[in-house]
Amino acid sequence: MKLTTIICSAILIAFGVFATVYAFSGFDLLLFFCAGNFVVYRAALSIAGVAALWLLFWLIAFRPLKYLS
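Bear in mind the structure is a predicted one, so any value in this text is a computation, not a measurement.

Glancing now at the side chain of threonine 5. Mapped onto the secondary structure, threonine 5 falls in helix 1 (residues 2–25). A relative accessible area of 8% places threonine 5 in the buried class. With sequence-adjacent residues up to four places away left out, threonine 5 is seen in contact with Trp54, Leu55 and Trp58.

Ranked by size, the top nonpolar core spans eight residues in total: Phe15, Phe18, Leu29, Leu30, Cys34, Tyr41, Ala44 and Ala48. For this core, the element with the highest residue contribution is helix 3 (residues 38–62), accounting for three residues. Sequence-distant contacts of alanine 48, defined by excluding residues within four places in its chain, comprise Ile11, Leu12 and Phe15.

The backbone phi angle of alanine 35 is positive, close to 60°, even though this residue is not glycine. Here alanine 35 shows up in the loop between helix 2 (29–33) and helix 3.

With that settled, the discussion passes to a nonpolar patch on the surface. On the surface, Met1, Phe57 and Phe62 cluster together into a nonpolar patch covering about 320 Å² of accessible area. Tracing the backbone shows methionine 1 in the segment before helix 1. For methionine 1, a relative accessible area of 54% translates into the label exposed.

In this section: the confidence of the model for the protein chain. Detailed reading of predicted coordinates is not advised where the pLDDT is low. Mean pLDDT over the protein chain works out to 91, with 99% of the residues at or above the 70 mark. The least confident element of the protein chain is helix 3, whose mean pLDDT is 92; the most confident is helix 2, at 94.

Considering the arrangement of structural elements, one finds tyrosine 41 in helix 3. For tyrosine 41, a relative accessible area of 18% translates into the label buried. Along the chain, tyrosine 41 and leucine 30 lie 11 residues apart, while their C-alpha atoms are 7.1 Å from each other. Not counting residues within four places of it along the chain, the set of residues in contact with tyrosine 41 comprises Asp28, Leu30, Leu31 and Cys34. For tyrosine 41, the side chain forms a polar contact with the side chain of aspartate 28, separated by 2.9 Å.

Rules of the game
- Residues numbered from 1 in each chain as written.
- Predicted model: local features only at pLDDT ≥ 70, side-chain atom pairs only at ≥ 80, totals over all residues.
- Heavy atoms only, no water.
- Helix = DSSP H or I, 4+ residues; strand = E, 2+ residues; numbered from the N terminus.
- Buried < 20%, exposed > 50% of the residue type's maximum accessible area, 1.4 Å probe, protein only.
- Contact = heavy atoms within 4.5 Å.
- Core = buried A, V, L, I, M, F, W, Y, C linked by side-chain atoms within 4.5 Å.
- Patch = residues over 30% accessible without salt bridge, like charges linked within 9 Å, V, L, I, M, F, W, Y side chains within 5 Å.
- Areas by Shrake-Rupley, 256 points an atom, 1.4 Å probe, with all protein chains shown as cover.
- Salt bridge = Lys/Arg side-chain N within 4 Å of Asp/Glu carboxyl O.
- pLDDT = per-residue confidence, 0-100.
- Polar contact = N/O pair within 3.5 Å; in protein donor to acceptor, adjacent residues only side chain to side chain.

Right, dumping it as structure tokens:
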């Protein structure tokens, strides 16, 4: 469970970096890493969606921020 959460967080951080590079320069780094193949590009984007859903589930189910107050 912990390893899955760490992997999903790393995936979302990487996609955040890709989005930042695209926003500031206009160069799509993810598409570059996918070698211009749009099928692989869309598969990578779907992996990011699954990672985001996993982290949402994790935050709802385990409430890690409950004891911060």
